[in-house]
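Here are the chains, one letter per residue:
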Amino acid sequence: MAVASLGKWGPGPRHVGAGGSARAVRGAEARPLFVEGSIVRIFMENFLTYDVCEVHPGPNLNMIVGANGTGKSSIVCAICLGLAGKPSFIGRADKVGLFVKQGCLKGVVEIELSKAPDNIIITREIQVVNNTSAWFINRKPATLKMVEEQIAALNIQVDNLCQFLPQDKVGEFAKLSKIELLEATEKSIGPPEMYQFHCELKNFREKERELENLCREKANSLEKMRQRIERYKQDVERYHERKRHLDLIEMLERKRPWMEYENVRQQHEDVKQSRDQAKEELKHLKELQSPVTKKIQETEEYFKSLDMKIRDKATEIKDTSQKCKQKQDALEMKDKQIEEIHQALRMKKDEEMDRQRKIHNTYKLIEDWKNELNTVAVSENLQPQTDAINNELKKLQEERANIDGDISDIRAEKMNQEREKKRIIDRLGQLNNIMNMKEENLKGRFRDTHSALMWLRKNKDKFKKEVCEPMMLEMRDHQKLKVNAVCAPAESCAENLPSRPIEELHRYGFFSYLRELFDAPHPVMSYLCSQYRVHDVAVGTEKTRNMIERVIQETKLRQIYTADERYIVKVSAYTNLVLSTNTSLKAAQFLSSSVDTDERRQLENQQQDINNTLKSLDMRLTKLFERQKYLEHRDNELRQQKKELVERGNRRRQLESKIGVKYDSLKQLEQDAIDLKKESQQANIKIKEINTQKVRLVTELMHLIKNCISLNILKADLVLQSATVAAEKNRLESEYKAASIQLRAAEQRFRELDDRKRVLTENCKELLKKARQVCKLSPDQHLPKEFQTVQLKYGHAFQALPTTLEEIDAVLNEEKTRASCFTGLSASVVEEYNKQTQEIQQLTEYLEEKKNELDNYKQNISQVKERWLNPLKKLIEQINEKFSNFFSSMQCVGEVDLHVENEEEYDKYGIRIRVKFHSSTELHELTPYHQSGGEKSVSTMLYLMALQELNRCPFRVVDEINQGMDPMNERRVFEMVVKTACKESTSQYFFITPKLLQNLTYNDRMTVLFVYNGPFMLEANKWNLKSFCRRRRRLGRMDEQ
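Residues numbered from 1 in each chain as written. Predicted model: local features only at pLDDT ≥ 70, side-chain atom pairs only at ≥ 80, totals over all residues. Heavy atoms only, no water.

Going by an unreviewed UniProt entry, the protein carries the name Structural maintenance of chromosomes protein 5 and comes from Calidris pygmaea. Taken verbatim from the UniProt record of the protein, the Sequence similarities (unreviewed entry) comment is "Belongs to the SMC family. SMC5 subfamily." Reading the Subunit (unreviewed entry) entry of the UniProt record for the protein gives the comment "Forms a heterodimer with smc6. Component of the SMC5-SMC6 complex which consists at least of smc5, smc6, nsmce2, nsmce1 and nsmce4a." (UniProt positions renumbered as here; feature names shortened; annotations may be inferred.)

Some words on the sheet that holds strand S17 (residues 924–925)
Ordered by their spatial adjacency, three strands build an open sheet running S15-S16-S17, and the pairing between neighbours is antiparallel. A single partner strand is all that each edge strand has here, and the edge strands are strand S15 (893–899) and S17. (Pairing = 2+ DSSP bridges. Helix = DSSP H or I, 4+ residues; strand = E, 2+ residues; numbered from the N terminus.)

Let's talk about the pairing of strand S5 (residues 106–113)
Most of S5 is tucked away, with seven of its eight residues classed as buried. Two strands pair when backbone bridges link them, and strand S2 (residues 39–47) and S5 are joined in this way by six bridges, in the antiparallel orientation. The residue of S5 that forms the bridge with Arg41 is Glu112. Hairpin geometry of S5 and strand S6 (residues 120–127) is characterised by an intervening segment of six residues between the two adjacent antiparallel strands. (Buried < 20%, exposed > 50% of the residue type's maximum accessible area, 1.4 Å probe, protein only.)

Overview of the sheet that holds strand S14 (residues 578–584)
The five strands lie next to each other as S10-S11-S12-S13-S14, forming an open sheet whose pairing is mixed. Edge positions in the sheet fall to strand S10 (510–513) and S14, since each of these pairs with one other strand and no more. Strand-to-strand, the axes of this sheet are offset by a mean angle of 25°, without reference to chain direction. (Axes fitted to C-alpha atoms, helices over the stretch in contact; angles between N-to-C directions.)

A closer look at unusual backbone geometry
Cis geometry marks the peptide bond from Ala116 to Pro117; its omega dihedral reads 0°. Structurally, the position occupied by Pro117 is in the loop between S5 and S6. Despite not being glycine, Asn131 shows a phi value in the positive range, around 60°. Secondary-structure assignment places Asn131 in the loop between S6 and strand S7 (132–137). Classification of Asn131 as partly exposed rests on a relative accessible area of 30%. With a phi close to 55°, Asn138 is a non-glycine residue in the positive phi region. Structurally, Asn138 is set in the loop between S7 and strand S8 (140–142).

So, the nonpolar core
Core analysis: the largest hydrophobic core is formed by 46 residues, its most contacted members being Leu61, Trp868, Ile913 and Leu942. Looking at which element gives the most residues to this core, the answer is helix H16 (residues 827–889), with 11 residues. For Leu942, the contacting residues outside a window of four places in its chain are Phe883, Phe886, Phe887, Met890, Val973 and Met976. Grouped together as the second largest cluster of nonpolar side chains are 45 residues, Cys77, Ala78, Trp135 and Val957 included. (Core = buried A, V, L, I, M, F, W, Y, C linked by side-chain atoms within 4.5 Å. Contact = heavy atoms within 4.5 Å.)

A short note on the side chain of His268
Looking at the secondary structure, you find His268 in helix H6 (residues 192–375). Among the residues examined, His268 registers a relative accessible area of 12% and is labelled buried. Setting aside its immediate chain neighbours within four residues, His268 contacts Lys757, Leu760, Thr761 and Cys764.

In structure tokens form, the structure reads like this:
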């Protein structure tokens, strides 16, 4: 944890706090005169490098001094973010949550602004989790919009580089265009209405351009319309003459529909009379056909009843047939039962014959065995030979058991060896796959190194000592490859001990040194220990990361690793300050998968040993199998000899035993005799019973057959009746069909006439409607007598016209021919003429209105321009005067003027800064490319100082702008800043710098804030500047005595 302190030096006593805080103890002093909106207090909690810090700036120039990394710019960030500034404007991060101190979930920034009668306190609480902020005004919850309104009311613009210039935006000031610089200057030091007038002028000028273009376009259009209307006059006169012919054509066309209507009406009357006659004829035919229809319906009903009776009889016949079939099936079943009884009797007879044959064969076999028994001699003494064979068999079995045990042991050992061999092969395959992956990765990233590695493997015999892959001496051969190599130290460092045992570091979360976490060949490990001291680099856990500041202070370790970060600790050679930097660890690239070379070598040796062992076991097995085969053959021979001896001794006993067994079986066969006569009587009784059942079934079957025959006779009679009825029905339907054809013909003729009448009626209606529409008649108007259709007002006109369609068509063609001579004319000519006349009048009025509006805009532009341009020129003259004076005091030349390309283009106005730092050069415009970094810094600073006395903003912030200045310019600029910013009329000024030159000029109105950090800082509640001053004065008096 970095501990920062802020010290303050300025008029009156100050209390300087440690641990990131500073408080002003004003006592009975008069309150310093702060400009409204200036910063009275800055409070930070868990913000960037600070745990808790409170800063009390002065009302004039505030110098914030401290070494790089101590937290000076953190104060600038707090001012910007605390006053509703965006993180992107600072240029450090794009999310506000990143400004909270690492390891904390919430940060607080509080800004107290001067305002009568009570100061305004703006508080911003920043949440890391969801990257949000909570706002408070005077400790009460507020919205961002309310905070922005309060800040805008105090004319605070943290996004204006002329007022707020953070460290990362210093270079962008010189990149501002002339137009942007003018707008920033207007917002910063101009009166509130100046920038508003500028915006109004740009808007007025845009409207003026639009109106000028509109008036120019409308004037051109008006002239073209006046030329066009002159060409329309002659066409209008010709149009009126053509109109007279068209009126006559219209009259003829109005009469022609009436004539057409009269002709169609007459046709309609004729068709109506014919249709009425056809209707009467159709009615007569329908009356004649009605009795036939009724008789057909009666016949149809009788036919249906017969069909129903036929279906009922068919159902009865079907049921009776089904019963007959069931009886027949029962008879067949009885026949099968009789056959089964006969079959069982035959089987009994066959069984008895088989028993008699077995008895005969048994007697014969017993006789043969008795004869053989008489020929067999008394048993000889075969026991000595049997015992000798048994002893030899016992020895053979013991030897075979030993061989089987040896074979089982050898096979088990062989199986274990093969299993171990498979495991070693699999493990070697895994190691080879990892090595291949690493080689492919090396080939993809460093092709020359991979080629050199392949060469090394082929030429290892050319090296005197061991070369570790992929490190090697820089070598070249015909491949023209060039790779880097290092030499291991002559004296091995691989076994070097760390500076302290790891057990002493366990309380800080360390669990190992870096050397213990990986393996490498001895030369490689020696080089890494010598070059990078991996044996003394401690590796910690999340606990180490959480207490890293304490670890750095107490352990004095120079390099530390945690799970995600690497820390490097350095001690300044000048100030003995401990500086630490941390970087995030990158993801593993080349060592994410490693191969243990010792393990691989050991596995290969084990594989060779196993192969030798397996070969030896195979030879032993071959010998054992050969011996086992011989013993098995000898065992078979002895067993055959023993079997022959046993058979010779047991033959007589076997024959006697077999004869006894056969007598027993013969006795059983004689007891199992079958009585065939009795079995035959029982079978006859069963067959008689079944035949009785068959007689009953046949009787029932005959009755069912007779019933079925009678039903079929009745069904045949019904079928004949149905056929007769069907014939009568067909005759009636034929007569009905002939009458229906005649009726349909009459209906067709009636429908055709009716359709014809309907069409003529519709035509009459359409023609009448058309005639009325042509003559524009209303429904209540009467028609002339000659047509019964023409309105009275057309009577005289129609009487003068032809009375037939042919005559009307002839006159129409003649008039149309005359009218067609006037080609290219239409009613649109007159309409267009009238329309153009009206449009010319409207356009003239519209053009006059826009010209008046344009004059008003020009008058407004003139008024606003005078109210904007004159104060702006005076303001720029004042800036130029102060800017030139500043440059003159440095024996340089600088000018600020209003750059105008076109006086009417108000959006192109800008401020041009021109500077000259050497007498031999000309004035050059300040650009991002022409001047050096120091020259741009000087020019920027002096321009801001020129704005200082004219500034209406409550404070200005400039962060480390003196970094690129040489000592002479830096001293001059510092004196100007002190002189300008310490006047009573100026606003508050913050100047941040990591260094100050010696013997600078200071002012009692300026405040110096020292930012410093270190492991021996006092706590905030123990920091007391008064006690330090008293102690210093007491020591000074003691030195004088």
